[in-house]
Amino acid sequence: EFYGLFGMALVVILLTTYFSEIGIGIFILQRQHLTEDDLRFSITWQLLLGTLGAITLFAASPSIAAALNDSRVEPVMQWLALSCVLSAAAYPSTHLLYRDLRFRAIGLIDLAGYLLGYVLVGIPLALAGSHLLDFGQSKAREQLFRGLVR
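The notes below deal with the structure included here. (Residues numbered from 1 in each chain as written. Predicted model: local features only at pLDDT ≥ 70, side-chain atom pairs only at ≥ 80, totals over all residues. Heavy atoms only, no water.)

### Focus on the overall build of the protein
- Along its length, the protein carries six helices and zero strands.
- When the helices and strands of the protein are placed in sequence order, the string is α-α-α-α-α-α.
- Its C-alpha radius of gyration of 16 Å places the protein within 12% of the 15 Å reference for a compact globule of 150 residues.
- By the burial criterion, 39% of the 150 residues in the protein qualify as buried.
- Long-range contacts, defined here as pairs at least 24 residues apart, represent 77% of the contacts in the protein between residues at least 6 apart.
- Summed over its atoms, the accessible surface of the protein is roughly 8300 Å², and 68% of this surface lies on carbon and sulfur atoms.
- For the protein, the distance from the average site of its 10 positive side-chain charges to the average site of its 11 negative ones is 7 Å. (Helix = DSSP H or I, 4+ residues; strand = E, 2+ residues; numbered from the N terminus. Rg over C-alpha atoms; globule rule 2.2 N^0.38 Å. Buried < 20%, exposed > 50% of the residue type's maximum accessible area, 1.4 Å probe, protein only. Contact = heavy atoms within 4.5 Å. Areas by Shrake-Rupley, 256 points an atom, 1.4 Å probe, with all protein chains shown as cover. Lys, Arg positive; Asp, Glu negative; His and termini not counted. Charge placed at Lys NZ, Arg CZ, Asp CG, Glu CD.)

### Side note on the pattern of salt bridges
- Under the defined criterion, the tally for this structure stands at four salt bridges.
- With a closest N to O distance of 3.0 Å, Asp37 and Arg40 form a salt bridge. Taken as a pair, Asp37 and Arg40 lie in helix α3 (residues 36–67) at a separation of three residues, close to a single helical turn.
- A salt bridge links Arg72 to Asp70, with the shortest nitrogen-to-oxygen separation between them at 2.8 Å.
- Overall, Arg72 belongs to the partly exposed group, its relative accessible area being 33%.
- The exposure class assigned to Asp70 is buried, which follows from its relative accessible area of 15%.
- A single network of salt bridges, built from pairs that share partners, joins Glu36, Asp37 and Arg40. (Salt bridge = Lys/Arg side-chain N within 4 Å of Asp/Glu carboxyl O.)

### Let's talk about α3
- For α3, with 32 residues, the first-to-last C-alpha span of 44 Å sits near the 46 Å given by 1.5 Å per residue.
- By the largest-angle criterion, Ser61 marks the main kink of α3, which is about 55 degrees, and a proline, Pro62, follows within four residues.
- By the burial criterion, the buried members of α3 are Asp38, Ser42, Gln46, Leu49, Gly50, Gly53, Ala54, Leu57, Ser61, Ile64 and Ala65. (Expected span 1.5 Å × (residues − 1). Bend = angle between axes of the 7 residues up to and from the residue.)

### Description of the nonpolar core
- If you look at the biggest cluster of nonpolar residues, it comprises 15 residues, and the most contacted ones within it are Ala9, Leu57, Val73, Met77 and Leu80.
- At the level of secondary structure, the elements contributing two or more residues to this core comprise α1 (2–21), α3 and α4 (73–99).
- For this core, the element with the highest residue contribution is α4, accounting for six residues. (Core = buried A, V, L, I, M, F, W, Y, C linked by side-chain atoms within 4.5 Å.)

### Regarding α4
- The terminal C-alpha atoms of α4, which comprises 27 residues, lie 37 Å apart, in line with the 39 Å expected from a rise of 1.5 Å per residue.
- When the local axis directions of α4 are compared, the greatest deviation, roughly 40 degrees, occurs at Tyr91, which is followed within four positions by the proline Pro92.
- Where α4 terminates, the next one or two residues include Leu101, which has phi positive at roughly 60 degrees.

Following this line, the structure appears as structure tokens:
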């Protein structure tokens, strides 16, 4: 039951996260000569768009929960809104890794983030009878780890 609710919330957060990326990562990948100003530009806009997405998602979470006919989704959406900012903060460094063709590093960071957020924390909390809100917090932990490591 919780997995379905978390899945509904995750679909909304993924759409919001994709919107907040809005092609700035492609700018980093395709720019032939990348300057410090280019990186500052991309980081600034990523954080602004990620913050805007998080605020919008947080404010819209009651309406989204009503549209999904389940009020339990609202606090999960609010926690997942945090991952919009965390993902946005990690996008520029992620695209720099893509630019340098460091796919192994990206894969290892993603795997470690998943293991930390879900396997080491989320699953034990779920087995202990935890609340649905802990799934949202697990996603935020995963994104925080990815952002810090990249």
